[in-house]
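So the chains spell out like this:
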Number of protein chains: 2
Amino acid sequence: MKIIEVNKRVLEKNDDIASRLNQYLHDKGILLINLLGTPGSGKTTLLERILERVDISKIAVIEGDLYTDSDAKRIESFGVKTIQLNTCGACHLEASMIEEAIYELDLTKIEVLIIDNIGNLVCTAEFKLGEDKRITVFSVTEGNDKPLKYPLMFQTTDILVVNKMDLIRHTNFNIESFKKDVWVLNPQCSIYECSAYRNEGINDIVGILFPSNG
Amino acid sequence: MKIIEVNKRVLEKNDDIASRLNQYLHDKGILLINLLGTPGSGKTTLLERILERVDISKIAVIEGDLYTDSDAKRIESFGVKTIQLNTCGACHLEASMIEEAIYELDLTKIEVLIIDNIGNLVCTAEFKLGEDKRITVFSVTEGNDKPLKYPLMFQTTDILVVNKMDLIRHTNFNIESFKKDVWVLNPQCSIYECSAYRNEGINDIVGILFPSNG
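What you see is a predicted model; the values in this text were computed from it and never measured. Once a new chain begins, its residue numbering starts again from 1 and follows that chain's sequence as written. Whichever chain is written first becomes A and whichever ligand is written first becomes 1, with later ones labelled in order. In keeping with the model being predicted, local features are shown solely for residues with a pLDDT of at least 70 and side-chain atom pairs are shown and tallied solely at 80 or more, while totals for entire chains, interfaces and linings include all residues. Hydrogen atoms and water are omitted, and side-chain values are computed over all heavy atoms in the structure.

K.L.:
Could you clarify how one ought to interpret the packing of helix H2 (residues 43-51) of chain B against helix H9 (residues 202-209) of chain B in this entry?
P.N.:
In helix packing, the relevant descriptors are the interaxial angle and the interaxial distance, both defined with respect to the helix axes. All names here are of chain B. Axis separation between H2 and H9 bottoms out at 10 Å; the angle between their running directions is 75°. Classified by the angle their axes make, H2 and H9 are roughly perpendicular. Mapping the contact onto sequence places Leu46, Arg49 and Ile50 in H2 and Ile202, Ile205, Val206 and Leu209 in H9. Of the residues that constitute the contact of H2 with H9, the class distribution is six nonpolar, no polar and one charged. For helices, the fitted axis covers only the stretch in contact; all axes are lines through C-alpha atoms, and the angles between them, taken along N-to-C directions, range from 0 to 180 degrees. Strands are runs of DSSP state E lasting at least two residues, helices are runs of H or I lasting at least four, and both sets are numbered from the N terminus onward. Angles below 35 degrees are treated as roughly parallel, those above 145 as roughly antiparallel, those between 65 and 115 as roughly perpendicular, and all remaining angles as oblique. For this analysis, residues touch if any pair of their heavy atoms sits within 4.5 Å. For this classification, Asp, Glu, Lys and Arg are treated as charged, while Ala, Val, Leu, Ile, Met, Phe, Trp, Tyr, Cys and Pro are nonpolar and the rest, including Gly, are polar.

K.L.:
What is the right way to read the relation of the copies chain A and chain B from this model?
P.N.:
Two copies of a chain can be linked by a rotation about an axis combined with a shift along that same axis. For this overlay, a least-squares fit was computed on C-alpha atoms, restricted to residues scoring pLDDT of at least 70 in both copies. Least-squares fitting of chain A to chain B yields an RMSD of 0.0 Å, with the superposition described by an axial translation of 0.0 Å and a rotation of 180°. Classification of the inter-copy transformation places it as that of a two-fold axis. Closest to the rotation axis within chain A is the C-alpha of Asn120(A), separated from it by 3.2 Å. Here 100% of the interface residues in chain A have copies in chain B that are interface residues too; the copies meet face to matching face.

K.L.:
Help me out: how do you make sense of the sheet that holds strand E5 (residues 133-139) of chain B in this one?
P.N.:
Sheets are built from strands paired through backbone hydrogen bonds, the pairs being either parallel or antiparallel. Residue and element names in this part refer to chain B. Strands sit in the order E3-E2-E4-E1-E5-E6-E7 across an open sheet of seven strands; the sheet is parallel. At either margin of the open sheet sits one strand with a lone partner, and together these are strand E3 (81-86) and strand E7 (190-193). Averaged over all neighbouring strand pairs, the angle between strand axes comes to 20°, with direction disregarded. In the sheet, strand E6 (residues 159-163) pairs with E7 via four bridges, with the strands oriented parallel. Along E7, the bridge assignment pairs Leu160 with Ile191. Here helix H8 (residues 175-185) sits on the sheet in contact with E5, E6 and E7, set at roughly 155° to E7. Two strands are counted as paired when DSSP detects at least two bridges linking them.

K.L.:
Is there a simple way to think about the environment of Thr68(B) in this case?
P.N.:
Relative to the assigned elements, Thr68(B) resides in the loop between strand E2 (59-65) and helix H3 (70-76). For the pair formed by Thr68(B) and Cys88(B), sequence separation is 20 residues and the distance between their alpha carbons is 9.2 Å. Beyond its immediate stretch of four places on either side in the chain, Thr68(B) contacts Leu148(A), Lys149(A), Gln84(B) and Asn86(B).

K.L.:
What is the right way to look at the sheet that holds strand E3 (residues 81-86) of chain A in this model?
P.N.:
Residues and elements named next belong to chain A. Reading across the sheet, the seven strands line up as E3-E2-E4-E1-E5-E6-E7 and stay open at both edges, with parallel pairing between neighbours. Only two strands of the sheet have a single neighbouring strand rather than two, namely E3 and strand E7 (190-193). This sheet shows a mean twist of 20° between the axes of neighbouring strands, independent of strand direction. The strands that helix H4 (residues 95-104) touches are strand E2 (59-65), E3 and strand E4 (112-116); relative to E3, the one it contacts most, it runs at about 145°.

K.L.:
Is there a simple way to think about the packing of aromatic side chains in this case?
P.N.:
What describes a pair of aromatic rings is the distance from one ring centre to the other and the angle between the planes of the rings. Stacked, edge-to-face and tilted labels apply to pairs of Phe, Tyr and Trp rings (six-membered ring for Trp) whose centres lie within 6.5 Å, assigned for plane angles under 30 degrees, over 60, and everything in between, in that order. Inspection of the entire model under this criterion finds twelve aromatic pairs over all chains. Both rings, one in Phe138(A) and one in Phe154(A), keep their centres 5.7 Å apart while their planes meet at 70°; by these two values the pair is edge-to-face. A residue pair is termed long-range when its members are at least 10 positions apart, and Phe138(A) in strand E5 (residues 133-139) and Phe154(A) in helix H7 (residues 151-156) qualify at 16 residues. Exposure class is identical for Phe138(A) and Phe154(A). Each is buried. Pairing Phe138(B) with Phe173(B) gives two aromatic rings, centres 6.2 Å apart and planes at 40°, and the pair type is tilted. Here the residue Phe138(B) occupies a position in strand E5, and Phe173(B) occupies one in the loop between E6 and H8, the gap between them amounting to 35 residues. On the accessibility criterion, Phe173(B) (7% relative accessible area) is buried. An aromatic cluster is present here, built from Phe138(A), Phe154(A), Phe173(A) and Phe178(A) joined pairwise through their rings. Residue burial is assigned from relative accessible area. The probe radius is 1.4 Å, only protein chains are included, and a residue is buried under 20% of its type maximum, exposed over 50%, and partly exposed in between.

K.L.:
Whenever I open this one, the interface of chain A and chain B confuses me. Can you help?
P.N.:
Size of an interface: often given as the accessible area lost when the parts come together. Every contact between the two is made by 35 residues of chain A and, on the other side, 35 residues of chain B. Between chain A and chain B the total buried area reaches about 2600 Å² when both faces are included, carbon and sulfur atoms providing 57% of it. On the chain A side of the interface with chain B, the three residues burying the most area are Pro39(A), Lys149(A) and His170(A), jointly 22% of the side's total. Salt bridge, as used here, is a side-chain nitrogen of Lys or Arg placed within 4 Å of a carboxyl oxygen of Asp or Glu. Inspection of the chain A/chain B interface yields four salt bridges. Lys149(B) is paired through a salt bridge with Asp65(A); the nearest N and O atoms lie 3.3 Å apart. Taken together, the elements giving at least two residues each to the side of chain A that touches chain B come down to helix H3 (70-76), helix H5 (123-126) and helix H6 (146-149) of chain A. Classifying every residue of the side of chain A that touches chain B by side-chain character gives 13 nonpolar, eleven polar and eleven charged. When two parts are put together, the accessible area they lose, computed with a 1.4 Å probe and summed over both, is reported as buried area.

What follows is the structure, given as structure tokens:
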């Protein structure tokens, strides 16, 4: 009997394109960041707070969404080069879509390209987009059980930003046991705490992503 | 050129199984409820608050998760008949999985079967599971932009439970404009407000689901 592993084949093909894309951007001296998280975790708000603090002429953003362009409009209003990628309902971005997007972008002077991924804690984790770093935004209102329930996202991220720290005192979220769970899955993961809404804890994250900033 | 619409074929096959499943449960006098929402929206906590208020001998629960059985253990501790469905990483449940689960359940005396779906605002909305009613749990911390960004979930739900209302005063969430957006997408949708964590606003939801209760 012949077994066709469709999903595996899709992922392998995607990985090949992701490697090619990473090399292409590496040759141009561009760092690619993949920003992930569940819907409403605060990815775009965090990105806004970061953009307020850096030289935006060196940054471009690819916004991933199912249908809308509201996030792209928010980012574009900062004067940042922005491309909207709509998947027409599909739940994740793939490396081929990023390749298509960058051919539309003028990358002259760009040093950092940021993908603001679709809100999804499952499918987006499976698809490499050629990134040098994965940053996952997680909010304390999502609950302590999520690392063990959605392990791939936490296993594959380089940086974990714990957002909405201003709300922690109104919840039963235990940050210490959360960190323990994350480090069991991913001992190398760097964890930062912030409130993007209250504009708190952002400088440390900017310092890591843009060491030459300020 | 032959075009193979793989996803459409998958969904059509799923819809057929869902119809068969709905008929099977209907013939037994069992109502099937599909509980959906993003990870951390509060589906399982809401379910716990409901179970505290009803005759649990008439209820069975199917817990959907990628790998873990922590939610099933929480529900089973109420003395409710519970089946854990693990997708081994897949992002959604399909009707065939529910069929498999119900053959493992003793449905004698059961009047309401509840599926606590995987946390995902995209893929789970596409797959009918034979339900009579869809209930989507959405928390105010997820932000105002979600109905328009993830329309299918809001278009296909019968009841929308807006959870974590205790946190609304610490956010910029506007409940009136949120409701307007939902009703543009889905004019028939009933919207309830609650805080499952604070055990507030639960009785109205129980009254709709179990009109003969109490």
